[in-house]
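Architecture at a glance
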Amino acid sequence: MAAHERQPQEYYDAIKARFAEERDLRLAYRPEGTAQFVSDLDGDLARIADDPYATEIVERDPIDDEVEVLIIGGGFSALLTSARLREFGVESIRIVERGADVGGTWYWNRYPGVACDVPAYDYLPLLDELDYVPTHRYAGGQEIWDHCRAIARKYDLYDLAVFQTTVTSTVWDEATGRWHIGTDRGDRMRAKFVICANGTLSKPKLSRIAGMETFAGHAFHTSRWDFAYTGTNLEKLGDKVVGIIGTGATAVQAIPHLGAQAKELVVFQRTPSTIDFKEDWPTDPNWARRLQPGWQSKRRERVLRAIEPSEDTKARWAAMTPEEKLRDQEQANIDRLMRIHRRIEETVHDPATAESLKPWYMIMCKRPCFHNEYLPTFNRPNVHLVDTRGRGVTEIRPEGPVFEDRVYPLDLLIYATGFEVQKTGIWNRIVGRDGLDLDGKYADGIRTVFGIHTAGFPNLFIMGGYQASFQFNLTDLLAVQGDHIAACIDHVRRSGRDVIDASADAEQWWVDEVISNRGKTRFSEDCTPGYYNFEGEFQRRQDGNYNGGFRNYNAHLISARDRFDRLFELA
Ligand code: NDP
């Protein structure tokens, strides 16, 4: 809607008042913020994080050896960085991965409907290098996972890789200038360089719900889908009552499939997602045939330029005061949300269900979702929405979840409750110089340079963690981080040095840079709680992402290559 078609300001103020009401309700229910979740699971719940996909646990002897570069995690972070390291001639690269193959997110998330809603021509990296064109505008999970494996094959990453292995300790040895890596397989590996590529959202978490461990039916987390129970195409659910807790991006993709196959589906909603149109189509073979070598990098440059506001928008904003500009952005956001509300009203037949499915927060407070079958699924007679109105499921009995004194008996309960967010060193204790523990160092706030280096942890690189830029297309971020890390390692090798560590000054500069780019507006504070704003703990100023924009972030990384000696201590 153009600015001149906007509603009077009172209209927007009334909607913003409803946003605040919905946010306050949720904050009052859960003042504990991120502590409402648990990911270190024990007892019966520990199996929630086990791998249901591997057909067998491959037995092997513990490894006692040394490699040049050891990468913890085998997802896109590892694959992208390895590709660049190979170009620099690095031969000794080992991926250590908890799953039974590479792929990371795409190894673990195989739930029905899994797909990425960033266009595949942008999201799938290294398309030029692999001479591959995705089959659809939006790729499904299987295609993306196949692409991951193709990258690993092309860059010979399988030879040294170790799967079904969780790194449990990463300890720096000053005397030898090597990292010592311990695993749950009793390995004693050593490496000159370590890259923490353990993913932005990889460790499944559960909401702390009273009685969760007493549930007598079958249960699993969406990232550990039990196809043996459901059947490959969910065909075994025809006589089952299924419940799903959570309505985030994962649940939005899985629910249409569950609704179509289960005898009954009960959806426990705490906060609805924003559901916009998804315009997907098969790749046009004529277009694909005409693509010239290097097409993806050229396309990426164009896409990144397009993120910048247009000249018209810039001119319009230049003529406004900061308050007017903010109001303009808020009004546009609310207009888009009201369009999403209208789509719900037009699609969902039962008015009470439609009302419940309406989100009341600015778009981008939570991960926006795109789907065309999610909303119609609630018209199915076997699909029931339990709208907990911000409260959530707080109790589970042996028969099933309870809400407002009603028990919902289930055969299968699926947790779509998300993941630990951008945490470095999951399952793994990282100890740097002088016995400094990374979690201990971060206790008073994260301290890094570019979110990649942290002083006292020489030759250690972090990918996908906080203090790096946010980018909706995550592989863009991972690509520039991988380029930077490969350039650092190449610099150390070529300059005849052994060690690169962040200087204290550089670290302070970057922490200040992160803080100065945060909190410019109240956007995050005004948002309903979610993982984007630390579940409402928005005062954690330096613990979030660098908000200076992806292009600036990348410019910082590129310019660092001309001043390695100023930013880093090289020895
Ligand atoms: P999220 O963390 O986004 O969602 C968790 C859901 O669980 C929320 O709806 C949350 O409600 C709900 N919840 C938590 N506790 C309870 C409770 N006690 N009772 C009821 N509901 C509860 O996890 P997802 O796995 O859905 O998504 C994680 C991320 O993965 C996404 O944000 C996205 O970045 C990525 N992703 C991307 C996809 C894509 O490309 N399309 C697809 C899937 C995932 P509340 O909102 O109130 O906190």
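Treat the numbers as computed from the prediction; the structure is a model and nothing was measured.

Points about the pairing of strand β2 (residues 66-72)
- Most of β2 is tucked away: 6 of the 7 residues are buried.
- Alignment of β2 against strand β6 (residues 188-196), held across 6 bridges, turns out to be parallel. Each bridged residue has a counterpart across the sheet, and for Val-69 the counterpart in β6 is Phe-193.
- Pairing analysis gives 4 bridges linking β2 to strand β3 (residues 93-96), with the strands arranged parallel. Within β3, the position partnered with Ile-71 by the bridge is Ile-95.
- With helix α2 (residues 76-87) bridging β2 and the parallel β3, this β-α-β connection has right-handed handedness.

A closer look at the sheet that holds strand β16 (residues 406-407)
- Within the open sheet, the 3 strands sit side by side as β14-β15-β16. Their pairing is antiparallel. Edge positions in the sheet fall to β14 (395-396) and β16, since each has one partner strand and no second.
- Alignment of strand β15 (residues 401-403) against β16, held across 2 bridges, turns out to be antiparallel. Bridging from a neighbouring strand, Phe-403 pairs with Arg-406 of β16.

A short note on the site of the ligand
- In the region of the ligand, 26 residues are neighbours, and Asp-117, Thr-250, Thr-271, Lys-366 and Tyr-531 sit closest.
- For the ligand, an oxygen atom lies 2.9 Å from a polar atom in the side chain of Arg-270.
- When the free accessible area of the ligand is taken as 920 Å², the share hidden by the protein chains comes to 90%.
- Here the shell around the ligand is composed, by residue class, of 12 nonpolar, 10 polar and 4 charged.

Topic: the state of the cysteines
- Within this structure, the stated rule accounts for 1 disulfide.
- Here Cys-365 engages in a disulfide with Cys-527; their sulfurs sit 1.9 Å apart. Taking the sign of the S-S torsion, -75° for the link of Cys-365 and Cys-527, the bridge is left-handed. Of this pair, Cys-365 sits in the loop between α13 (351-356) and β12 (369-370) while Cys-527 sits in the loop between α18 (523-526) and α19 (550-560), and the two are 162 residues apart along the sequence.
- Of the cysteine sulfurs around Cys-116, a residue in no disulfide, the closest is that of Cys-148, at 11 Å.
- We note that Cys-369 lacks a disulfide partner, and the nearest cysteine sulfur, in Cys-116, lies 12 Å from it.
- With relative accessibility at 3%, the residue Cys-369 sits in the buried group.

Points about the nonpolar core
- Grouped together as the largest cluster of nonpolar side chains are 115 residues, with contacts concentrated most on Phe-76, Leu-258 and Tyr-553.
- Top contributing element to this core by residue count: helix α16 (residues 474-494), with 9 residues.
- Residues in contact with Phe-76, not counting those within four places in the same chain, are Trp-106, Tyr-123, Pro-125, Ile-144, His-147, Cys-148, Ile-151, Thr-475 and Leu-478.
- Leu-70, Val-167, Tyr-442 and Phe-534 belong to the second largest nonpolar core, which has 25 residues in total.

Observations concerning the packing of aromatic side chains
- Scanning the model with the defined rule gives 26 aromatic pairs in all.
- On the numbers, 5.9 Å between centres and 75° between planes, the contact of Trp-106 with Tyr-123 is edge-to-face. Here Trp-106 is found in helix α3 (residues 105-108), whereas its partner Tyr-123 is found in helix α4 (residues 120-123), with 17 residues between them in sequence.
- For Trp-106, a relative accessible area of 7% puts it in the buried group.
- By relative accessible area, Tyr-123 is classed as buried at 9%.
- The interplanar angle of 85° and the centroid separation of 5.5 Å between the aromatic rings of Phe-268 and Tyr-408 together place this pair among those described as edge-to-face. Note that Phe-268 is positioned in strand β10 (residues 264-269) and Tyr-408 in the loop between β16 and β17 (412-415), a separation of 140 residues in sequence.
- Judged by relative accessible area, which is 12%, Tyr-408 ranks as buried.
- Grouping aromatic residues by their ring pairs yields a cluster made of Phe-450, Trp-509, Trp-510, Tyr-546 and Tyr-553.
- In this arrangement the basic side chain of Arg-110 is found over the ring face of Tyr-53, its NZ or CZ atom lying 3.9 Å from the centre.

Reading guide: rules and limits
Residues numbered from 1 in each chain as written. Predicted model: local features only at pLDDT ≥ 70, side-chain atom pairs only at ≥ 80, totals over all residues. Heavy atoms only, no water. Buried < 20%, exposed > 50% of the residue type's maximum accessible area, 1.4 Å probe, protein only. Helix = DSSP H or I, 4+ residues; strand = E, 2+ residues; numbered from the N terminus. Pairing = 2+ DSSP bridges. Right-handed = clockwise from strand over helix to strand, strands pointing away. Near = heavy atom within 4 Å. Polar contact = N/O pair within 3.5 Å; in protein donor to acceptor, adjacent residues only side chain to side chain. Areas by Shrake-Rupley, 256 points an atom, 1.4 Å probe, with all protein chains shown as cover. Nonpolar A, V, L, I, M, F, W, Y, C, P; charged D, E, K, R; others polar. Disulfide = S-S within 2.5 Å. Core = buried A, V, L, I, M, F, W, Y, C linked by side-chain atoms within 4.5 Å. Contact = heavy atoms within 4.5 Å. Phe/Tyr/Trp six-rings, centres within 6.5 Å; stacked < 30°, edge-to-face > 60°. Lys NZ or Arg CZ within 6 Å of the ring centre and 35° of its normal.

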